[in-house]
Amino acid sequence: MTCFKMLIDGQAAESLSGKTAVIYNPVNQEPVAEVSLGGREDATLALEAAERAFPGWAETSPWERGKLLSRGADLVRERAEEIARLLTMEQGKPLRYARREIVGSAEALDYYAEEGKRNFGEIVPSSSRKARSLVIRQPLGVAAVISPWNYPVDLLAWKLAPALAAGCTVVAKPSSRAPLAANAFAEAVAEAGFPPGVLNLVHGSGREVGRELVESPISRKVSFTGETATGKEIGEKAARFVKRLSLELGGSSPFLVCEDARIGEAAEACMYRAFSNMGQICISVNRIYVHDAVAEEFADELVKKTGTLRIGDGLDPEVDLGPMFSEAQRQKTKDHISDATKKGAEILYGGLEPEGEKYSRGFFFLPTILDKMDHSMRMMREETFGPVAPMMRFSTNQEALKLANDSRYGLAAYVFTEDMTTALRFAERLEAGSVGINLNNPIVPQAPFGGWKESGLSRERSRSALYDYMETKHIRIGLREEI
Ligand code: NAD
């Protein structure tokens, strides 16, 4: 079986302990490959390599860094098919979505190859004729980058790229549960010719490698995507060193369907955002609020469209939905459904595993639509991270707004309406980092993405992420006598 090695100080590295971990395919629980399993000492080696490499890398110009990032993007695109297949086999998502993830990750490298050149400073008006003030931004040091299993390449790429473009050196830790495609991606990027120690990747558990990356005084920034509970723990530890932090955490995104919405379009958009990647998306639709007057029509459309989705092995090009990532995710989904039905919810579609031999060894589950939901149910308060579309009805827009904001999360929100005033009023009042009006994807490279409330701190993508890997410095220059 192929064993993927770590990347430390410019070399492919086995773990010091010699341990490896086998990664299994969620479609049939068969082994896909193994990885060298690092521990705290391996993380330390990588951090030390990144620390040594930092002064030299920080001195390179954004143009030099940009060239390497663009070359990395080309190398990723050359290996896109191979990396996408690994992603499907370790995570479960259909191959066409896996390809999209890899190509999008190459785009992250290209985007920051250019954006890095736009690190403009400021000349601040001076309060004195005898002094001038400049404000510049400089790379902040070693960045620790920790990512989850649901978009293991994309989420890594949107951290690595701004960090490297800013002039930081990086130690990345992909999820120990889906590390293969991330490993292949990092290898491809590294082949562009980054100096040793600039880009390091260590495999291992959050408890070992993740904690070392957060607790070591060497890392000056931690960029983390994952569960809110883990983010809080990381935040507490990072605070001891006053480390810079980016936290991209859980979500519970509301999807509002107003009385005047185009119902067919809304149902289609809702279906994709609720069920793609089996609902294991941070900006997945988690709570649907539909106006009374259109609720029946919307539910019918949603059920009809969901019935056309094909479930199976993601390597099959006909498939729309693969298995869930793990038995734990599937069990949590079942628990949330059972809690909701006990409290009065009605299942309109799904609610159980699909039948048939081809589903027997994978973590399959039918996309599930529920009606008659209310806020006493766990699904409306916690993140299910499964293929569920729970519906609740409203009669006024004020009521819908109150329900949508009644959450400790604030990552994304969606509104479907044909009225511009309604759309803008909602957009301004929804407590979320991104709002999609009449569409289901509010994430673009050039706009900031991140969460309000317990969904996170700081912003990824756009120029915001570049600046998040930099420290700001004010330089005050004293002038001598007049000329
Ligand atoms: P997780 O928190 O269990 O793990 C995420 C990463 O953190 C993994 O690499 C893990 O090994 C590491 N880790 C775990 N404990 C750690 C610790 N104590 N110290 C340091 N590192 C540690 O999350 P997950 O189950 O992999 O991912 C699913 C979660 O991620 C969901 O809650 C989802 O909403 C969230 N997510 C958020 C976004 C976003 O952009 N806001 C995007 C994708 C996923």
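Heads up: the structure comes first, above all this text.
Attention here is on the structure that accompanies the text. The model shown is predicted, which means the values in this text are computed figures rather than measured ones.

1. Details of the pattern of salt bridges
Applying the stated criterion across every chain, the model contains 41 salt bridges. Among the salt bridges present, the one from glutamate 454 reaches lysine 232, with a minimum N-O distance of 2.8 Å. In this pair, glutamate 454 sits in the loop between strand E21 (452–453) and strand E22 (456–457) while lysine 232 sits in helix H8 (residues 228–239), placing the two residues 222 residues apart along the sequence. Beyond isolated ion pairs, a larger network of salt bridges with shared partners links Arg40, Arg211, Glu212, Glu215, Glu233 and Lys237.

2. Some remarks on the packing of aromatic side chains
By the definition in use, this model includes nine aromatic pairs. Here phenylalanine 255 and tyrosine 414 contribute two aromatic rings whose centre-to-centre distance is 5.8 Å and whose plane-to-plane angle is 40°, an arrangement assigned as tilted. Remark: tyrosine 414 occurs in strand E19 (residues 412–416) and phenylalanine 255 occurs in strand E13 (residues 253–257); sequence separation between them is 159 residues. Pairing phenylalanine 255 with phenylalanine 416 gives two aromatic rings, centres 5.0 Å apart and planes at 25°, and the pair type is stacked. In this pair, phenylalanine 255 is assigned in strand E13 and phenylalanine 416 in strand E19, connecting sequence segments 161 residues apart. Like phenylalanine 255, the residue phenylalanine 416 is buried in the burial classification. Taken together, Tyr111, Tyr112 and Trp158 form an aromatic cluster joined through their ring pairs.

3. Re the packing of helix H3 (residues 80–91) against helix H6 (residues 180–190)
For the pair H3 and H6, the least separation of the axes is 8 Å and the interaxial angle reads 160°. Between H3 and H6, the interaxial angle falls into the category roughly antiparallel. By crossing handedness, the relation of H3 to H6 is classed as left-handed. Residue-level contacts link Glu82, Ile83, Leu86, Leu87 and Glu90 of H3 to Leu180, Ala181, Ala182, Ala184 and Phe185 of H6.

4. What about the site of the ligand?
Close to the ligand lie 27 residues; Ser147, Lys173, Thr230, Leu249 and Glu383 are nearest. Within the backbone of leucine 249, an N or O atom sits 2.7 Å from a nitrogen atom of the ligand. In this structure, glutamate 383 approaches the ligand through a side-chain N or O atom, which is 2.5 Å from an oxygen atom. For the ligand, the protein covers 91% of the area, taking 840 Å² as the surface of the free molecule.

5. Description of empty space enclosed by the protein
Counted according to the given criterion, the structure contains four cavities of 30 Å³ or more. Here the largest cavity defines a volume of roughly 60 Å³. Around the largest cavity, the lining is made up of 15 residues, and of these Pro254, Ala404, Tyr409, Gly410 and Glu431 lie nearest the centre. Of all the secondary structure elements, the ones that give two or more residues to the lining of the largest cavity are E13, helix H13 (397–405), strand E18 (409–410) and E19. The class makeup of the residues in the lining of the largest cavity is eight nonpolar, four polar and three charged.

About the criteria used
Residues numbered from 1 in each chain as written. Predicted model: local features only at pLDDT ≥ 70, side-chain atom pairs only at ≥ 80, totals over all residues. Heavy atoms only, no water. Salt bridge = Lys/Arg side-chain N within 4 Å of Asp/Glu carboxyl O. Helix = DSSP H or I, 4+ residues; strand = E, 2+ residues; numbered from the N terminus. Phe/Tyr/Trp six-rings, centres within 6.5 Å; stacked < 30°, edge-to-face > 60°. Buried < 20%, exposed > 50% of the residue type's maximum accessible area, 1.4 Å probe, protein only. Axes fitted to C-alpha atoms, helices over the stretch in contact; angles between N-to-C directions. Parallel < 35°, antiparallel > 145°, perpendicular 65-115°, else oblique. Left-handed = near helix turned anticlockwise from the far one by under 90°. Contact = heavy atoms within 4.5 Å. Near = heavy atom within 4 Å. Polar contact = N/O pair within 3.5 Å; in protein donor to acceptor, adjacent residues only side chain to side chain. Areas by Shrake-Rupley, 256 points an atom, 1.4 Å probe, with all protein chains shown as cover. 1 Å grid on protein atoms, 1.4 Å probe; cavity = no way out; pocket = protein on both sides within 12 Å on 5 of 7 lines; lining within 4 Å. Points joined across faces, edges and corners; volume = space filled by probe spheres on them. Nonpolar A, V, L, I, M, F, W, Y, C, P; charged D, E, K, R; others polar.

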